[in-house]
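Chain residues, written in single-letter form:
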Amino acid sequence: NNANNNANNNANNNAKETIRYAAYQTPNVSRFLLPLATALASAYTGRPSWSIPVSWTTGSSYSQQLELPPIVRETYAEWMGNDGGFSAAVYAAALAFCVQRKVSLGNVLKNGGREAVAKCVLEQQRLTTMQGKQPRFLLNVGPKEIDLVKLALKLSNANPTNANVNAKNQVGMMPEVLILAGLRALSFNLVLRKLTLSGYRNDNKNKSLFRSALGQALLYNVTLREVNFESSVLTDLGEMIGVAWAMNAQPLISRVNFSNCKLNGKDLEGLRNGLARIWCGGTALAESIKLANNPSVPAKAWEEFFLAFVDPSTCGYWPRAPPPPPNLSFLQELDVRGTHAIGPGLLKFAPKLNGLRTLKLSSNGNKDDLSMATEILTSLAKAGAPLERIAGENLDASCDAALFAYSATLKELVLDKFRGDAVSLLCGWPQPVPALAMTIGSGYSHSSDPAWSSPSGFGFSPGTLTIFNDNSFVVDAMYILSSCDYENGLKKLTVHNMHYSQLLATAPMLTSLESFLVYPTSSSYSATLSIQRSMGVPRVAAFWSILAESKTLRDLHLPDQLVGGNDSDELAMVGRFLKTNRSVRSIGFDSPFLLLKVEDVKVLRSAFYGNKKVTDLEYPSKARKFTMDQIGEETKKLWNEVALCKREIKKLFQRAYSKYNSRWRDGPNRQKLPWVERIRVAKRRIGQIQRDQKKIATLLEEIKQCVRANKMAQRLQDETKANERLVRREGQLEQLGEKKKKFATNLVTKLNKAKLRGRQQKSAKTQLPRSTYYKSSNMWPSNTPPKKRNGNPHSYYNYYNDPYCTRPYWWYYPTSYNDTNDWMYGSDASIYEMDDDGHRDSDTDDAALGGMLSDVDGMTCEPDDPWSNVDALVQQVESDYGAVLSPEYIALLHEECSELGPDVVENIRGTLDDGAAVSSKLDEIGEKTDAPPEMIGNIVDGGGFDLAAMDIALADIPEYEPGDSIDSDDAGDVVDMYAGAGPRDLDDGGPSFGSSRHAVLAGARRRARARKSSRLMRRVREDTNRRLQMGYRRVDLITGKLQEDEKPYGNMWPRDLVESWVEETQAQQIKAIAKCNFDLPAVSTQPIYLLKQFSPDNSYLSSQNEIDVVLVTQCSLDRLPNLRAQLTHWTGKTSVAIYLKPSECRVDAQLKIFSAIEEARNNVVQMCDGHVRFDVAVTLVEGCIDDEPYPINYLRNVALLEARRQHLRLNTSLDKSAVLLVDVDFRPSNHLFKALHSRYAARRILSERQVVVCPAFESLNETCANYVSELKKLVDGGQAEGFHLSHFPQGHGPTQFDLFWEKSMQCNGRDVSEFWQRAYHIKHENLFEPYIAMASTDAPLYDERFQGYGLNKVSHLATIASQRGGDFTVLPGVFLVAPAHERSESWAKRYGTRSDETDFNRLALKGLYYNFTQNLESGGESVISDNTRSQNDLLWEQIKRMNEKPDECNPAPTQPGTGLKEAVLCY
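What counts, and at which threshold
- Note on numbering: residues in each chain are counted from 1, in written sequence order.
- Note on the predicted model: pLDDT of at least 70 is required for a residue's local features to be given, and 80 or more for side-chain atom pairs to be given and counted; whole-chain, interface and lining totals, by contrast, use all residues.
- Excluding hydrogens and water, the side-chain values take into account all heavy atoms of the structure.
- By nonpolar core is meant a set of buried Ala, Val, Leu, Ile, Met, Phe, Trp, Tyr and Cys residues that side-chain atoms within 4.5 Å join together.
- Residue burial is assigned from relative accessible area. The probe radius is 1.4 Å, only protein chains are included, and a residue is buried under 20% of its type maximum, exposed over 50%, and partly exposed in between.
- Here a helix means four or more residues in a row that DSSP labels H or I, a strand means two or more in a row labelled E, and each is numbered from the N terminus.
- The contact definition used throughout considers only heavy atoms, calling two residues in contact when any of these lie within 4.5 Å.
- Strand pairing follows a simple DSSP-based rule, namely that at least 2 bridges must link the two strands.
- What counts as an axis is a line fitted to C-alpha atoms, over the stretch in contact for a helix, and the angles between N-to-C directions run from 0 to 180 degrees.
- For this analysis, a salt bridge means a side-chain nitrogen from Lys or Arg found within 4 Å of a carboxyl oxygen belonging to Asp or Glu.
- A pair of Phe, Tyr and Trp rings is counted when the ring centres sit within 6.5 Å of each other, with Trp represented by its six-membered ring. The angle between the planes then sorts it: under 30 degrees is stacked, over 60 is edge-to-face, the rest tilted.

**Concerning the nonpolar core**
And step 1. Judged by nonpolar contacts, the single largest core of 217 residues is most densely connected at W245, F258, I440 and F516.
And step 2. Counting residues per element, this core draws most heavily on helix α27 (residues 673–728), at twelve residues.
And step 3. Excluding anything up to four places from it in sequence, I440 contacts L415, F418, A422, L425, L426, L465, T466, I467, F468 and F473.
And step 4. One finds V1112, V1251, W1301 and V1370 within the second-largest nonpolar core, a separate group that totals 50 residues.

What follows is the structure, given as structure tokens:
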């Protein structure tokens, strides 16, 4: 009703504004409100009703019409899914966008709607697995993390590699809309715990929308523990993010990543305020801070940021006494690279980080910064931080001593842009560091004094060393390493930006390594070949000889460096190396410049006759590609050689041609012999290439089998040795098993006690289901300014639930964003009707939408008991006992316990550390014994763990009771917002225990009890914070490494290696041939016309004479009997082109042609009772070269052009002209001529421009049917079938012969109108080659490059299909049938006895067809000869002149002669 008053005002509103619906005189309002209400219920699945920005306002006259059916629980559960309604909300937003913008729906709807979104969400999950088993409770909780950018790109069909998600993609769906929808769907989601939004470019156009959506998500979501905004543009949004976190009811953020977000000082200040409110004296523990690559933040802002967590009083927004400093013992990762963070603030911050495991920092290179970096590292060492990973930029040797302090814990050290002397880091560590992996040299620069000091000889080297050759760092480093003691601890060496042969001088040092990898800089063939030639083949061979003496080398990988072919035999050197060496187990040498030769591969294969140690050999995929490319180039050259020779031979015959000398071919036949020999040599070379590649593939397959056999044998040997080692360590493993059992016992006991304290409300945090925070809107911000009581801000937040009064500081919303009404739900007061106190009117609770959802009210996907997830993990102690020490299990247990309160974490911290220590010891034993985890687990786990036996000793835990329902007035009193106290059940049972006086005091008593509980929990929290001064010593909460290990690529060997290799070789040859120029037919440029001119008497046609169909065909002299039979069954006009070989006599050929046509004419006269229905035009085409393939498509073009020319003798245009394109072997059925000359054919072919398919059959003998009934009997008897249907169904299968028979048998055999009425449509498919009738002007010319047998009709039909959209019409009741006949000579040349000649011809055809398809897809025209093009141009010029001057250009036709010979003109 409210909309009625504003209907006129809103009529002219912009389309992008909110749409308001008005109901006037609608008899049944529910008829259109039902789908609207259902859509809204689905779109806002999982959200509390007060957060839905929709209210239903109806008058009394409609009250009886709004009884909408309730949403059943099953339907709502389906909408909810396992992601808390996230998929339903995103889907609704995508649908709304598509409807509003009228754009394609993309993958969102095409692939299943909401299910498609849910599927994409599940695909992103990396659910923790425990020894191959998935934790059962994770399946109940659902997905835990969401990457909105990847989700939006996939749902919108966008390119995942395109970083600009704001750009509109090809289907019109903007990924940015889906990102905004995903953020809004996260606002009240109770499932997802990690938000990733990386690479999002926040443009100015949608900045306010993004600000609003992001603010809502971070303000209202109470489950997110980790946010990752890496590389997203968040400039000027930091303050909004901090305010949202500061006003969140239950913020759990523990890990933040704002790296490369273009933050400024104001942004960092805003983040500081929000994070300080979460971590200072709160329930969330800081675990990871990543703020790298934000150079715009000034040093002063960084200092204030760190000081806020050292002394919270430095923040000026605490209205009362500031909270105690946060517990930073659990902060395990700090990344401030590429910033100005190094300073006094970070120096004061460092002593608090006694649990830090990963540190990434950078200096600006000056002395003060370097000195400060050293002090920070020293301070961390004094605090006892167990640093395992350090990444530093712009550091120098002054930091060495500070780094050496972490020798016992450090596992990974990455030093980019290191300066000056690195001798101490390379070989000067004070104690062995076998677990340390150090990376140095990238961006290396000399200091003012570039000289390196000499090694002391008493130090140790890292166990794993990765060095880069920037500014010749590798040269100096390898010199230092080679002058040290080989037993200094270095086992794994990786060198970047060098060629392996350049390390010849230090090759003896390499023999003591266990792993050696070299990655070159250059990726060009010429540069690599230049390095190899500068070193010389003997020196390269010497390198391999020295390396072969190693007794310890196990892994050897030299990618992108070997050169093969005629330039080097390095592959053979590798083979000889493996013949000598017996220590290498894994080797890789794939290179994009390695040309595989049969001889080199044979040497490599011979190494495996005696080498049984290699169990992992990298598949040479790059070498294969390079080899295939070389094959393609060589094949292209050979094909060009063949084409050149053919052109030269053609020129010989053209120059020698003489019509006066019958032996004019003798000279060219002798002169062509050298050219023919060159052609044969080229073809033999192509065949040799294929045979060599098959041999290489066979050898590689044998190598593959050898490696596989070695792997199986080595596995059995390793298992035997591992068993022996485990037997010796059995006592130690049994002791670890007892420690593991003790760990499980202590864990269950301590969690039981913590759960009991939580039930008794003695924990540091009220343990509630997360959905409790959404019971009422009064616990969340509104646009109503807070009231003050006793000078302090007060509102329905209830200040005692926010003991440090942080929320009122911002007056419940950022004042700078006050103009954006939609930045958070509930900010627009016009959405709801409020009373004087700012409460929502209770009348709206009875709205139609609320009635529909009444049955599912409170239904969530989270467990009712907040301890449910921890209980599931405890149950896994018994069900998956082998997995309870896994890092994933321990980290997951910490994550769940941290949400229950810091005191819960404090109780189990030592137990988890003990479990991690046992796990580390088991991993160490497994590494030393090479025993698989299953074997160790069988000894350690023993009989498992009996959880039921412990239940007797454990205290009984009362069942969780959610308590009384929370109304809007008291919601703030009973909900633990952030640091507040949860309610206790009233002793007196609430307001119902006595008189109304007591009922009036019930609210005040409840508030007083809440204040008391708040003070109690604050003391518990502060006591816990003081006790928690030590984080985990062994538990790693942040998985992952600083830098991914270099891994060999291409190790997957194909299953059918030989077949795949041969296929790839042929594919490359096909592509190479396709790029060459294909010869056109070598025929005489002056065809000989033997004309029996078309008769001007068309009396045998229908009286209306609406269409004139000409049968177009071609043949050679040996097919004249088939031509005679075809002309006998076609009583109309025919145009035929006949090919004459150079060795065939023209005079004899003419006599045979005349005889065949005369015989056919006589047969037609007899069939027509003396009335002649016979017109034929014959064109004779002479070949020039004996061995040239049959020019089939050239002949078809000649016959087609002649058919058009003959029609123009009698007409001024081709408007009534049509052609029937068939081969000479086929005979038309009796009614085909009549059907194609009917008025129905004229309408379909000429008016509607349809392409009509005449179904083709073949008889298995010489018997051919004339009628459908006769053909049906032959087919049923197995004497006929669809043409080539049994062995090549692609050719005519799309005709759908079953449907043809169904339609044909329903037709009256003599009524052609029924044929056309029952005609059916089909679609063109690949390799479809039917015989068709179509308008003459629509018929494209044939591609004359197709000569001989194969794909000539296929190419022509593909051209027609591309022009006509692939639509064809099949005409039932008529057909074409071919009798059994021998295969042609052209077939034998291509598919006959296997030889180099036939192989080459098939390969050439494949290359031609590939070229044709590429040309067709690009819109190119068919390739024709100059002669055909000139004849076609003359024909269209004639049509043009006729249209301009029809009387002059269309003389009266001459009467036909009475005899055949009189009508023949030879010229």
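**What to know about the pairing of strand β10 (residues 433–440)**
And step 1. Where strand β9 (residues 412–416) and β10 come together, four bridges link them in parallel fashion. Looking at β10, one finds that V414 is bridged to T439.

**Thoughts on the sheet that holds strand β24 (residues 1227–1228)**
And step 1. Spatial strand order, β24-β31-β26-β27: four strands in an open sheet with mixed pairing. For this open sheet the edge positions go to β24 and β27 (1280–1282), each flanked by a neighbour on one side alone.
And step 2. Alignment of strand β26 (residues 1256–1259) against β27, held across three bridges, turns out to be antiparallel. Paired with F1257 across the two strands is G1282, which belongs to β27.
And step 3. Each of β26 and β27 is contacted by helix α43 (residues 1268–1276), which is oriented at about 100 degrees to β27, the strand it contacts most.

**Quick word on the pattern of salt bridges**
And step 1. Counted by the stated rule, this structure contains 54 salt bridges.
And step 2. In this structure, E1182 engages R1146 in a salt bridge whose closest nitrogen and oxygen atoms are separated by 3.2 Å. Highlighted residues: E1182 in strand β22 (residues 1175–1182) and R1146 in helix α39 (residues 1146–1167), separated in sequence by 36 residues.
And step 3. One network of salt bridges, with partners in common, ties together K144, R193, K194, R225, E226, R255, E287, R770, E895, E896 and E899.

**A closer look at the packing of aromatic side chains**
What describes a pair of aromatic rings is the distance from one ring centre to the other and the angle between the planes of the rings.
And step 1. Counted under the stated rule, the structure contains 37 aromatic pairs.
And step 2. With 5.2 Å between their ring centres and 65 degrees between their planes, F1300 and W1301 make a pair best called edge-to-face.
And step 3. Relative accessible area serves as the criterion here: at 0%, F1300 is assigned to the buried category.
And step 4. On the basis of relative accessibility, which here comes to 10%, the residue W1301 falls in the buried class.
And step 5. The structure contains a cluster of three or more aromatic residues connected by ring pairs, namely W279, W302, F305, F306, F309 and F349.

**Looking at the environment of F1346**
And step 1. Mapped onto the fold, F1346 is located in the loop between β29 (1331–1335) and α47 (1352–1364).
And step 2. For the pair F1346 and Y1190, spaced 156 residues apart in the sequence, the C-alpha separation amounts to 9.2 Å.
And step 3. Once residues within four sequence positions are removed from consideration, F1346 is found in contact with I1192, N1193, L1351, N1352, S1355, L1405, L1408, Y1409 and F1412.

**Focus: unusual backbone geometry**
And step 1. Of note in the backbone geometry, K262 takes a positive phi value of approximately 60 degrees without being a glycine.
And step 2. Assignment of secondary structure puts K262 in the loop between β4 (255–257) and α13 (265–279).
And step 3. The phi dihedral of N293 is positive, around 55 degrees, even though this residue is not glycine.
And step 4. N293 gets classed as partly exposed once you look at its relative accessible area, which sits at 38%.

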